[in-house]
Amino acid sequence: MRKILIPLMIVSMFVAFYEQSKEQPNLLITVFCVIIFIIGMIQLSSKIPSKNQDDDDAEV
């Protein structure tokens, strides 16, 4: 999943930046690309453990 997600996010942000450089940018394409990027970041960051996870285990 991660191997597909990272390139998809990179392509999405490239398309969003390219769309903004046009004279008449399409807002729907830009919003769609940003949503794809945000969902990808949420999926990737969900794999990172909490900073306070070790503290919670030590108390028990």
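Procedures and definitions
- Every residue gets a number counted from 1 within its own chain, in the order that chain's sequence is written.
- Owing to the predicted nature of the model, reporting of local features is limited to residues with pLDDT of at least 70; listing and counting of side-chain atom pairs is limited to 80 or more, with chain, interface and lining totals taken over all residues.
- For side-chain calculations, the full set of non-hydrogen atoms in the structure is used, while hydrogens and water are omitted.
- Definition used for salt bridges: Asp or Glu carboxyl oxygen within 4 Å of a side-chain nitrogen of Lys or Arg.
- To qualify as a helix, a DSSP run of H or I must reach at least 4 residues; to qualify as a strand, a run of E must reach at least 2; elements of each kind are numbered from the N terminus.
- The span one expects for a helix is its residue count, reduced by one, times 1.5 Å.
- By definition, residues are in contact when any of their heavy atoms lie within 4.5 Å.
- Exposure categories follow from relative accessible area, calculated using a 1.4 Å probe and restricted to protein chains: below 20% of the type maximum is buried, above 50% is exposed, and the middle band is partly exposed.
- The arc under discussion is defined with respect to the helix axis, by the directions toward the C-beta atoms.
- Scored from 0 to 100, pLDDT records how confident the predictor is in each individual residue.
- Residues with no salt bridge and a relative accessible area higher than 30% make up the patches, which join like charges within 9 Å and nonpolar side chains (Val, Leu, Ile, Met, Phe, Trp, Tyr) within 5 Å.
- Surface exposure here means Shrake-Rupley accessible area, sampled with a 1.4 Å probe, where a residue is shielded only by the protein chains that are shown.

A. Main features of the pattern of salt bridges. Counting across every chain of the model gives 1 salt bridge. With its nearest N and O atoms 3.6 Å apart, the salt bridge here joins Glu19 to Lys22.

B. Structural detail: helix 2 (residues 27-45). Counted at 1.5 Å a residue, the expected span for helix 2 with its 19 residues is 27 Å, and the 27 Å between its end C-alpha atoms agrees. The secondary structure elements touched by the buried residues of helix 2 are helix 1 (2-21).

C. Spotlight on helix 1. An ideal rise of 1.5 Å per residue puts 28 Å on 20 residues; helix 1 measures up with 29 Å between its terminal C-alpha atoms. By the burial criterion, the buried members of helix 1 are Leu5, Met9, Ser12, Met13, Ala16 and Glu19. One side of helix 1 holds all its buried residues, which, seen down the axis, span an arc of 125°. Along helix 1, exposed side chains directed more than 90 degrees from the buried face belong to Lys3, Ile4, Ile10, Phe14, Phe17 and Ser21. In the core, the buried residues of helix 1 are packed alongside helix 2.

D. Examining the confidence of the model for the chain more closely. On average, the chain scores 85 in pLDDT, and the residues at 70 or more come to 87%. By mean pLDDT, helix 3 (residues 53-59) is the weakest element of the chain at 58, and helix 2 is the strongest at 93.

E. Up close: a nonpolar patch on the surface. Together, Val11, Phe14, Val15, Tyr18 and Ile29 line one region of the surface with nonpolar side chains, adding up to about 480 Å² of accessible area. With 4 residues, helix 1 is the single largest residue contributor to the nonpolar patch. Tracing the backbone through its elements, the reader meets Val11 in helix 1.

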